Amino acid sequence: MTIMRYPPGHKEAVRERIVDAAASSLREHGLSAVSIPALMKSIGLTHGGFYAHFESRDELVASAVEAAGARTAQDVLGDQVPLAEALRVYLSQEHVAHPELGCVVAALGSDGARQAKPVRRAFANVTKRLLSLVDRKLHPRSRGAREPSDEALRLASTMVGAVILARLVNDPALAQRLLSAAQPAFPT
């Protein structure tokens, strides 16, 4: 019998594919709408292979939430992105139309509070990171560990709330008004 060996890093790469697919699918369809067999099939893997990478669905969901949060942190709220650009991208029709590519807090935050402990912990981590990143955008000279300012709390709440409401109203003109109304109250 020949034992087939995979190249170094193969298992980590497969795990990352699963997490990325889950992060996108969960944001698009919701936390309870994605099944493990369907997810694995969508990326060409077997359901049984899932357990080589994760002990449970909750572990996968928590990992997917963290990965989605890291993506938003890097792409939208990263240090290289000016505040005005971060607001333009976050408060855009594109973000509203594509939850699978956007902020996991805006896409799934209200569902996160009703999940198992590992998933709630992941949402708490991602949300605190969002607040911290918004604070750093507003106060770039204040590096280091600090509590987010009230201004950052207001801005982050407005950003997330505007995207959620714009997705809910089912009226493109009103959705655009919500996104626009969220922007001018903040310095850019």
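Presented here is an overview of the structure given in this document.

Rules and cut-offs
Residues numbered from 1 in each chain as written. Predicted model: local features only at pLDDT ≥ 70, side-chain atom pairs only at ≥ 80, totals over all residues. Heavy atoms only, no water. Helix = DSSP H or I, 4+ residues; strand = E, 2+ residues; numbered from the N terminus. Buried < 20%, exposed > 50% of the residue type's maximum accessible area, 1.4 Å probe, protein only. Areas by Shrake-Rupley, 256 points an atom, 1.4 Å probe, with all protein chains shown as cover. Lys, Arg positive; Asp, Glu negative; His and termini not counted. Charge placed at Lys NZ, Arg CZ, Asp CG, Glu CD. 1 Å grid on protein atoms, 1.4 Å probe; cavity = no way out; pocket = protein on both sides within 12 Å on 5 of 7 lines; lining within 4 Å. Points joined across faces, edges and corners; volume = space filled by probe spheres on them. Nonpolar A, V, L, I, M, F, W, Y, C, P; charged D, E, K, R; others polar. Salt bridge = Lys/Arg side-chain N within 4 Å of Asp/Glu carboxyl O. Contact = heavy atoms within 4.5 Å. Phe/Tyr/Trp six-rings, centres within 6.5 Å; stacked < 30°, edge-to-face > 60°.

**Section: the overall build of the protein chain**
- Tallying secondary structure elements over the protein chain gives 9 helices and 0 strands in all.
- Starting at the N terminus, the α and β elements of the protein chain follow one another as α-α-α-α-α-α-α-α-α.
- The C-alpha extent of the protein chain, read off along each of the three principal axes, is 70 × 40 × 30 Å.
- For the protein chain, the proportion of its 188 residues judged to be buried stands at 39%.
- A total accessible area of about 10800 Å² is found for the protein chain, and carbon and sulfur atoms account for 54% of it.
- Counting 23 positive and 19 negative side-chain charges, the protein chain places the averaged centre of each group 2 Å from the other.

**With respect to the layout of surface pockets**
- One number sums up the size of the largest pocket: a volume of about 410 Å³.
- Looking at the largest pocket, it is lined by 22 residues, and the ones nearest its centre are Arg 27, Arg 71, Asp 75, Leu 101 and Gly 102.
- Looking at the lining of the largest pocket, the elements that each hand over two or more residues are α1 (10-29), α3 (57-75), α4 (83-90) and α5 (93-97).
- It is α3 that contributes the most residues to the lining of the largest pocket, 7 residues altogether.
- Its residues assigned to classes, the lining of the largest pocket comprises 9 nonpolar, 7 polar and 6 charged.
- If you add up the space inside the second largest pocket, you get close to 180 Å³.
- Around the second largest pocket, the lining residues are Arg 27, Pro 99, Val 105, Ala 106, Ala 107, Leu 108, Gly 109, Ser 110, Asp 111, Ile 164, Arg 167 and Leu 168.

**Some thoughts on the side chain of Arg 27**
- Note that Arg 27 resides in helix α1.
- In this structure, Arg 27 is buried with no salt-bridge partner, the nearest side chain bearing the opposite charge being Asp 20 at 7.3 Å.
- The residues contacting Arg 27, other than those within four sequence positions of it, are Ala 68, Pro 99, Glu 100, Leu 101, Gly 102, Val 104, Ala 107 and Leu 108.

**Let's talk about the pattern of salt bridges**
- On inspection of all chains with the given rule, the structure shows 6 salt bridges.
- Between Arg 136 and Asp 79 there is a salt bridge; the shortest N-O distance is 2.4 Å. Placement of the pair is Arg 136 in helix α7 (residues 117-138) and Asp 79 in the loop between α3 and α4, with a sequence separation of 57 residues.
- Here Asp 79 falls in the exposed class, since its relative accessible area comes to 52%.
- Between Asp 111 and Arg 114 there is a salt bridge, and its shortest N-O distance comes to 2.9 Å.
- According to the relative accessible area criterion, Asp 111 is partly exposed, its value standing at 27%.

**What about the packing of aromatic side chains?**
- Here the structure, examined in full by the defined rule, presents 2 aromatic pairs.
- On the numbers, 4.8 Å between centres and 85 degrees between planes, the contact of Phe 50 with Tyr 51 is edge-to-face.
- For the ring pair Phe 50 and Phe 54, a centre distance of 5.3 Å and an interplane angle of 25 degrees mean the geometry is stacked.
- Classification of Phe 54 as buried rests on a relative accessible area of 2%.

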